[in-house]
Amino acid sequence: MRLSLSSIVKKSIMAVTGLALCGFVLAHMAGNLQIFLGQDALNAYAAKLQHLGPFLWLMRIGLLVCFVAHIVTAALLTVENRLARPSPYLHQATVKATFASRTLPMTGLIVLGFLIYHLAHFTFKLTHPEHAHLSDALGRHDVYSMVVLSFREWPVSVAYVAAMVPLCLHLSHGAASLFQTLGLRHERYQPAIRCAARGFALLILAGNSSIPLAVLVGAVKLPGGA
Ligand code: HEM
């Protein structure tokens, strides 16, 4: 009884933190898509975020707590599942083991690897230190030029687009199972939930991939058309 209660708590932590992370991924993508509105729009958005000051730090700490809790709980559940006697009937009765569900730990690890690279790239500017001091005509950090200059390097663009595939797979199963954990278990709702989760995952795949691809094909250029 104690074991199953602790599993329920862990699954609830996975679901709540997963929901928060889905919200972040969607909001982050919506913010980044402003690159299609031009340099001023993206840089103004980035500057507005910076001006949130302590509130931005509160959001960053909340995000970090969600990431860490999600990963640690996932690891604990994986170990717990491996140690437990396999009970295939219990699992198959609720969720059909799709490719996305079977590869959930693997795609999660790849997304974590991407995130470490992504933070080293755009946040800490370790991979491209020459982008650290880019500023626009208004003296704001020139996030627009930083993104365009980065994605003009095809290996960087390819790495980003490639990382969006495991992210999409992870979201398509994760988003569906979080609804189950949060109580929407009825068989009647499953097709709609699965469909919404896949739609959400494909939206993230298409939206995020469109940015490096648009830069690579020259649809998004440096200010001045270069
Ligand atoms: C093509 C897709 C993406 C682009 C163009 C992009 C762009 C950026 C940029 C420019 C920054 C730095 C913002 C700044 O310093 O002003 C950033 C930060 C960040 N990105 Fe992304 N991103 C993408 C996808 C993702 C994905 C898929 C995730 C999560 C899985 C993610 C998570 C983060 C995080 C956690 C930060 C740090 C936020 C902070 O410092 O407050 N990004 N991203």
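Notes on the structure follow. Just so you know, these numbers come straight off a predicted model, no measurement behind them.

1. Focus on the nonpolar core
Grouped together as the largest cluster of nonpolar side chains are 30 residues, with contacts concentrated most on Ile35, Val147, Val148, Phe151, Leu171, Ile204 and Val220. For this core, the secondary-structure elements that each account for two or more residues are α1 (2-32), α2 (39-50), α6 (104-123), α7 (143-151), α8 (154-181) and α9 (190-216). By residue number, the principal contributor to this core is α8, which donates seven residues. Filtering out sequence-adjacent residues up to four positions away, isoleucine 204 remains in contact with Val25, Leu26, Met29, Leu167, Leu171 and Ser209.

2. What about the site of the ligand?
Around the ligand sit 20 residues in total, of which His28, Asn32, Arg60, His118 and Asn208 are the nearest. Those elements giving two or more residues to the shell around the ligand turn out to be α1, α3 (54-83), α6, α7, α8 and α9. If you tally residues by element for the shell around the ligand, the top one is α6, at six residues.

3. Some remarks on the packing of aromatic side chains
Overall, the coordinates contain five aromatic pairs when judged by the stated rule. Ring plane angle 50 degrees and centroid distance 6.0 Å describe the contact between phenylalanine 122 and tyrosine 160, whose orientation is recorded as tilted. Taken together, the residues span a long stretch of sequence, with phenylalanine 122 in helix α6 and tyrosine 160 in helix α8 at a distance of 38 residues. Neither residue differs from the other here; phenylalanine 122 and tyrosine 160 are each classed as buried. Taken together, Phe114, Tyr117, Phe122, Phe151 and Tyr160 form an aromatic cluster joined through their ring pairs. Above the face of the tryptophan 57 ring, arginine 60 is positioned so that its terminal group lies 4.7 Å from the ring centre.

4. Some thoughts on α7
In an α-helix, one turn spans 3.6 residues, which is why side chains three or four residues apart end up on the same side. With eight of its nine residues buried, α7 lies for the most part within the structure. The complete set of buried residues in α7 reads Val143, Tyr144, Ser145, Met146, Val147, Val148, Ser150 and Phe151. In this structure, the buried side of α7 is in contact with α2, α6, α8 and α9.

5. Some details on a nonpolar patch on the surface
Together, Trp154, Val158, Leu213, Leu216 and Val217 line one region of the surface with nonpolar side chains, adding up to about 520 Å² of accessible area. Those elements that place two or more of their residues in the nonpolar patch are α8 and α9. Checked against the element boundaries, valine 217 lands in the segment after α9.

6. Quick word on the coordination of the iron atom of the ligand
Here the iron atom of the ligand is held by the protein donor atoms His28 (NE2) and His118 (NE2), which lie 1.9 to 2.0 Å from it. Its six donor atoms give the iron atom of the ligand angles of 88 to 180 degrees at the centre, a pattern that matches the octahedral case. With histidine 28 in helix α1 and histidine 118 in helix α6, this residue pair connects regions lying 90 residues apart in the sequence. Using a relative accessible area of 14% as the deciding quantity, one classes histidine 118 as buried.

7. Remarks on the packing of α7 against α9
For the pair α7 and α9, interaxial distance at closest approach is 8 Å and the crossing angle is 70 degrees. With respect to their mutual orientation, α7 and α9 come out roughly perpendicular. Residues Val147, Val148 and Phe151 of α7 form the contact with α9, whose own contacting residues are Ile211, Pro212, Val215 and Leu216. Split into classes, the residues belonging to the contact of α7 with α9 amount to seven nonpolar, no polar and no charged.

8. Thoughts on the pattern of salt bridges
Counting across every chain of the model gives three salt bridges. With a shortest N-O distance of 2.7 Å, lysine 10 and glutamate 80 are connected by a salt bridge. With lysine 10 in helix α1 and glutamate 80 in helix α3, the pair connects residues that are 70 residues apart, well separated along the chain. As far as burial versus exposure is concerned, lysine 10 and glutamate 80 are alike and both buried. Here aspartate 40 makes a salt bridge to arginine 140, at a shortest N to O gap of 2.7 Å. Of this pair, aspartate 40 sits in helix α2 while arginine 140 sits in the loop between α6 and α7, placing them 100 residues apart in sequence. Given a relative accessible area of 49%, aspartate 40 falls into the partly exposed group. Residues participating in the shared-partner salt-bridge network are Asp40, Asp136 and Arg140.

9. Some remarks on the side chain of serine 145
Positionally, serine 145 belongs in helix α7. Exposure remark for serine 145: the relative accessible area of 7% places this residue in the buried category. Within polar-contact distance, the side chain of serine 145 engages the side chain of aspartate 142 at 2.6 Å. With sequence-adjacent residues up to four places away left out, serine 145 is seen in contact with Gln39, Leu134, Leu222 and Pro223.

Rules used throughout
- Along every chain, residues carry numbers that run from 1 in the direction the sequence is written.
- With the structure being a predicted model, the display of local features is reserved for residues of pLDDT at least 70 and the display and counting of side-chain atom pairs for 80 or more, all residues being used for whole-chain, interface and lining totals.
- Excluding hydrogens and water, the side-chain figures rest on all heavy atoms present in the structure.
- We call a set of buried residues a nonpolar core when its members are Ala, Val, Leu, Ile, Met, Phe, Trp, Tyr or Cys and they connect through side-chain atoms within 4.5 Å of each other.
- Partly exposed describes any residue whose relative accessible area lies between the buried limit of under 20% and the exposed limit of over 50%, with all areas from a 1.4 Å probe on protein chains only and scaled to the type maximum.
- Per the convention used, a helix needs a DSSP run of H or I reaching at least four residues, while a strand needs a run of E reaching at least two, with both numbered from the N terminus.
- Here, two residues are considered to be in contact whenever any of their heavy atoms come within 4.5 Å of each other.
- Here a residue is considered near a molecule or strand provided that any single heavy atom belonging to it is located within 4 Å of it.
- Aromatic pairs are defined between Phe, Tyr and Trp rings, using the six-membered ring for Trp, whenever the two ring centres lie within 6.5 Å; interplanar angles under 30 degrees are classed as stacked, those over 60 as edge-to-face, and all others as tilted.
- Only Lys NZ and Arg CZ are tested; either one counts as a charge over a ring when it is within 6 Å of the ring centre and within 35 degrees of the ring normal.
- Patch membership requires over 30% relative accessible area and the absence of a salt bridge. Like charges are linked within 9 Å, and nonpolar side chains (Val, Leu, Ile, Met, Phe, Trp, Tyr) within 5 Å.
- For the area figures, the Shrake-Rupley method with a 1.4 Å probe applies, and any residue is considered shielded solely by the protein chains shown.
- Here, a salt bridge means any Lys or Arg side-chain nitrogen found within 4 Å of an Asp or Glu carboxyl oxygen.
- For Na, K and Ca the donor cut-off is 3.2 Å; for every other metal, N, O and S atoms count as donors within 2.8 Å. Water does not enter the count, which can leave sites looking incomplete.
- Metal sites are grouped by the angles between bound donors: all angles between 85 and 135 degrees with four donors is tetrahedral, opposite donors over 155 degrees apart with the others between 65 and 115 is square planar for four donors and octahedral for six, and any other pattern is irregular.
- For every element, the axis is a line fit to its C-alpha atoms; helices are fit only across the contacting stretch, and the angle between N-to-C directions ranges from 0 to 180 degrees.
- The labels follow the angle: roughly parallel below 35 degrees, roughly antiparallel above 145, roughly perpendicular from 65 to 115, and oblique for the rest.
- Nonpolar residues are Ala, Val, Leu, Ile, Met, Phe, Trp, Tyr, Cys and Pro. Charged residues are Asp, Glu, Lys and Arg, and all others, Gly as well, are polar.
- The definition of a polar contact used here is a pair of N or O atoms within 3.5 Å, where within protein one atom must be able to donate a hydrogen and the other to accept one, and adjacent residues in sequence count solely through side-chain atom pairs.

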